[in-house]
Amino acid sequence: MLYFLRRHISKHLRQHMNVLLIGSGGREHALAWKIAQSRHFTRLFSVPGNTGTGQYGQNVPFPLSDFDAIVDLAQREQIDLLVVGPDNPLADGIVDVFKAAGIPAFGPTAAAARIESSKSFAKEIMAARGVPTAEAMIFDSPVEATAFAQQSGRPWVVKADGLALGKGVVVPDDMESTVAAIARLSATRAGRRLLLEERLEGREVSVHALCDGEHLLVLPTARDHKRFGEGDTGPNTGGMGVIAPVDEVSPAVLEQIVNTCMQPVVDELAARGTPFRGLLYAGVILTRDGPKILEFNARFGDPEAQAILPLLEGDVLEVFYDCAVGQLHPEKLRKRKGYAVCVVLCAQGYPGKPRVGDPIRGVEAIDDEQVLIFHAGTAIGPAGLCTAGGRVIGVTGLGSTLARARARAYEIAERVAFEGKYFRRDIGKENG
Ligand code: AMP
Ligand code: GLY
């Protein structure tokens, strides 16, 4: 009986909740910041965490792959909810391991996370429900993919099937670079299987929604700026800045995205016995033929989370718990009026190998409640706060208009100082 009780996840929220957060980016700082506002919040442990999450609890430096150590920690510290930031532990089944231990988890099981971790699986799910997306051919052999591309006589978007740290997609302009992309991606682990996709044209938008396996609670729309250089030039990065919400997505278009692109996928995963619980992120392109899916992610975007979470009113910890146990109450969260603009400050060398260890000045002096500083790659060294990663800090400005939010973010982005600092100056400019 005791055994049964331990394994049966209680649907009842506890008054005092201990949370275990996985990840170490600006996204996780933003999650910790928002979770700590909950009336249920008691203690936070972060694995491995960063300077930001450390402000709300204890960082524990386990490797993300050591699930045994992480579950041990959760049992020892009587964790009530696991919250997973990044994609890799989800794909590797951290939520399955916690479920087996009887600990609720906000995040999908490995089977449901395949919507992100396998692009060919995502295409299969979308095809089963007629979700609008780019036509794609799937290849397990680079020779066949190359032959197909050459025969077609035109360039194709080349995608690695698996998780590739945001480096698994190439959008070539000609045949020669299509063939080169096939050769390069097929040599990576993620690219043992490849997709060749038709190239779509349009502006992009990210739609994040909380999901309890059945229902969706849609969060403010966002637009990431993935390219390193201003005017969307240069190499792809994890994300250089975000605006939220995106005004050009009308309520009618958003409803269309949810009804034709997102809910069908949730329904299909549930029908297959692998319901999606956690955060479903739809990467959408607004084409002349309507919105189409570019990709799904099974987690909050980073830096998207740094702009979206500050626009939410309500107790996210409660809502994450409700998702984990399969009973979302959409009325518990509201969208704040106004806008958020997040500008990412990077270290010299990013998106390649970043220079680290440079002192960061000017963060403590910020005293504006409309500006939030989220730590990503920072550390506390002998001389105080210093750089410790490629994306160093996210500066989020809030405001009643996009222009005001933007002005606040940029004022502080200028003021925070470290050697080699780089940021894009055009986040949110002219509709972003
Ligand atoms: P993904 O990781 O699949 O979202 O791809 C990364 C980026 O590549 C997207 O944000 C788009 O800018 C671009 N992309 C991906 N697929 C396509 C496509 N079929 N047509 C045009 N651009 C694409
Ligand atoms: N910023 C893009 C992502 O998190 O996938």
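Residues numbered from 1 in each chain as written. Chains lettered and ligands numbered in written order. Predicted model: local features only at pLDDT ≥ 70, side-chain atom pairs only at ≥ 80, totals over all residues. Heavy atoms only, no water.

Trainee: I would appreciate a short explanation of helix α3 (residues 67-76) in the present structure.
Mentor: Note on helix geometry: an α-helix contains 3.6 residues per turn, so any two residues three or four positions apart are oriented the same way. Along α3, the positions that sit buried rather than exposed are F67, A69, I70, V71, L73 and A74. Against the buried residues of α3 lie β1 (17-23), β2 (41-48), α4 (87-91) and α5 (94-100). Positive backbone phi, at 50 degrees, marks Q78, one or two positions downstream of α3. (Buried < 20%, exposed > 50% of the residue type's maximum accessible area, 1.4 Å probe, protein only. Helix = DSSP H or I, 4+ residues; strand = E, 2+ residues; numbered from the N terminus. Contact = heavy atoms within 4.5 Å.)

Trainee: I keep staring at the site of ligand 2 and nothing clicks. Help me out?
Mentor: Taken together, D224, G238, N297, R299, G301, D302, P303 and E304 make up the full set of residues near ligand 2. Separating an oxygen atom of ligand 2 from a backbone N or O atom of D302 is a distance of 3.0 Å. Calculation on ligand 2 without its partners gives an accessible area of 200 Å², and the protein chains cover 88% of this total. Taken together, the residues that form the shell around ligand 2 break down as one nonpolar, three polar and four charged. (Near = heavy atom within 4 Å. Polar contact = N/O pair within 3.5 Å; in protein donor to acceptor, adjacent residues only side chain to side chain. Areas by Shrake-Rupley, 256 points an atom, 1.4 Å probe, with all protein chains shown as cover. Nonpolar A, V, L, I, M, F, W, Y, C, P; charged D, E, K, R; others polar.)

Trainee: Which parts of the structure should I look at to understand helix α6 (residues 110-117)?
Mentor: Within the sequence span of α6, burial applies to A112, A113, I115, E116 and S117. As for α6, its buried residues are in contact with α4, α7 (119-129), α10 (251-271), β16 (277-287) and β17 (290-297).

Trainee: What should I look at first to understand the site of ligand 1 in this one?
Mentor: Around ligand 1 sit 14 residues, and of these E197, E198, L200, E204 and E295 come closest. In the model, a nitrogen atom of ligand 1 is placed 3.0 Å from a nitrogen or oxygen of the K159 side chain. Contact between ligand 1 and E204: an oxygen atom at 2.5 Å from a side-chain N or O atom of the residue. Taken by itself ligand 1 offers 470 Å² of open surface, and the protein chains cover 86% of this. When contributions to the shell around ligand 1 are tallied by element, the ones reaching two or more residues are β7 (157-160) and β17.

Trainee: Please explain the side chain of N297 as it appears in this structure.
Mentor: Tracing the chain through its elements places N297 in strand β17. Side-chain polar atoms of N297 contact the side chain of R299, separated by 3.5 Å.

Trainee: When you look at the pattern of salt bridges in this model, what are you seeing that I'm missing?
Mentor: Think of it this way: side chains of opposite charge can pair up when their charged atoms draw near. In the structure shown here, the tally under the stated rule is 26 salt bridges. Here R299 and E116 are joined by a salt bridge, their closest N and O atoms 3.0 Å apart. Taken together, the positions of R299 in the loop between β17 and α11 (304-308) and E116 in helix α6 put the pair 183 residues apart, joining distant regions of the chain. For the pair R299 and E116, one class covers both residues: buried. Between D140 and R193 there is a salt bridge; the shortest N-O distance is 2.8 Å. With D140 in the loop between β6 (136-139) and α8 (142-152) and R193 in the loop between α9 (175-186) and β9 (194-197), the pair connects residues that are 53 residues apart, well separated along the chain. Bridged by salt links that share partners, the residues R39, D315, E318, D322 and K332 form one connected network. (Salt bridge = Lys/Arg side-chain N within 4 Å of Asp/Glu carboxyl O.)

Trainee: What is the right way to look at the pairing of strand β22 (residues 378-381) in this model?
Mentor: In regular strands, side chains alternate between the two faces of the sheet. Note that β22 and strand β23 (residues 384-387) share four bridges and pair antiparallel. Residue pairing in the sheet places G381 in a bridge with G384 of β23. From the end of β22 to the start of β23, which pair antiparallel, there are two residues. (Pairing = 2+ DSSP bridges.)

Interpretation note: all reported values are geometric properties and have no functional meaning in isolation.
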